[in-house]
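Residue-level structural notes
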Amino acid sequence: MAKSSGIRLTKKQVRIVLGMDARGDRNHDIAAWFGVNQGRVAEAKKGKFGTFAPAPAAVLPPSGPPGVKGRRLRAAVRDALALLKSGDDKSAATTLTDAAAEYDAHER
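Below or above, wherever it landed, is the structure these notes cover. (Residues numbered from 1 in each chain as written. Predicted model: local features only at pLDDT ≥ 70, side-chain atom pairs only at ≥ 80, totals over all residues. Heavy atoms only, no water.)

Within the span of helix α3 (residues 38-46), buried status applies to Val41, Glu43 and Ala44. Relative to the axis of α3, the buried residues are bounded by an arc of 160 degrees and lie together on one face. Check the buried side of α3 and you find it contacts α1 (11-23) and α2 (27-34). The backbone nitrogen of Gly39 lies 2.8 Å from a side-chain oxygen of the residue at the head of α3, namely Asn37. (Buried < 20%, exposed > 50% of the residue type's maximum accessible area, 1.4 Å probe, protein only. Helix = DSSP H or I, 4+ residues; strand = E, 2+ residues; numbered from the N terminus. Arc of directions from axis to C-beta. Contact = heavy atoms within 4.5 Å. Polar contact = N/O pair within 3.5 Å; in protein donor to acceptor, adjacent residues only side chain to side chain.)

Structure below.
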């Protein structure tokens, strides 16, 4: 049996889970965002952790799988570091700015 991650959802996070669910995010993506399994998401949706209002859209993370987004962001950071080493600070800043915007964009 796998060792428990020890990660527990806080009340604030449960509200975000509910907000992400209301927005139509997949349980898998919600669970991945918080580093928990989909069972915790299901429990939050069923009220196991209490009854909470969903978080407003303005505080929700971007939709889409965070793993893919993280890999893209990591690649952009590597590219930006190479640009910084070559002395191209302006291109490095543009690369990071664009990568942050892509990470924050909603995916469907």
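The subject of this paragraph is the side chain of Asp25. By the secondary structure assignment, Asp25 is in the loop between α1 and α2. The exposure class assigned to Asp25 is buried, which follows from its relative accessible area of 7%.

A few words now on the pattern of salt bridges. Pairs can form between side chains of opposite charge whenever their charged atoms are close. By the definition in use, this model includes 6 salt bridges. A salt bridge links Glu43 to Arg40; its shortest N-O distance comes to 2.8 Å. In this pair, Glu43 and Arg40 both sit in helix α3, 3 residues apart, roughly one turn of the helix. Overall, Glu43 belongs to the buried group, its relative accessible area being 18%. Residue class for Arg40 comes out partly exposed when judged on its relative accessible area of 30%. Between Glu43 and Lys48 there is a salt bridge, and its shortest N-O distance comes to 3.5 Å. Classification of Lys48 as exposed rests on a relative accessible area of 58%. Residues joined by salt bridges that share partners form a network here, namely Arg40, Glu43 and Lys48. (Salt bridge = Lys/Arg side-chain N within 4 Å of Asp/Glu carboxyl O.)

Residues Leu9, Ile16, Val17, Met20, Ile30 and Phe34 are the most contacted members of the largest nonpolar core, which totals 14 residues. Among the elements of the structure, α1, α2 and α3 are those that each provide at least two residues to this core. Here the element with the most residues in this core is α1; it accounts for 5 residues. Residues within four places of Ile16 in sequence aside, it is in contact with Phe34, Ala55, Leu60 and Pro61. (Core = buried A, V, L, I, M, F, W, Y, C linked by side-chain atoms within 4.5 Å.)

All told, the structure shown has 1 aromatic pair when counted by the stated rule. Ring centres of Trp33 and Tyr103 lie 6.5 Å apart, and the angle between their planes is 40 degrees; on these two criteria the pair is classed as tilted. Taken as a pair, Trp33 in helix α2 and Tyr103 in helix α5 (residues 89-104) lie far apart in primary sequence, 70 residues in all. Directly above the ring of Tyr103 sits Lys69, whose terminal nitrogen or CZ lies 5.7 Å from the centroid. (Phe/Tyr/Trp six-rings, centres within 6.5 Å; stacked < 30°, edge-to-face > 60°. Lys NZ or Arg CZ within 6 Å of the ring centre and 35° of its normal.)

Turning our eyes to something else, we now look at the environment of Ser91. Mapped onto the secondary structure, Ser91 falls in helix α5. Ser91 sits 11 residues away from Ala80 along the chain, and the two C-alpha atoms are 7.5 Å apart. Reaching out from Ser91, the side chain makes a polar contact with the side chain of Asp88 at a distance of 2.8 Å.

That's the geometry; what it means functionally is another story.
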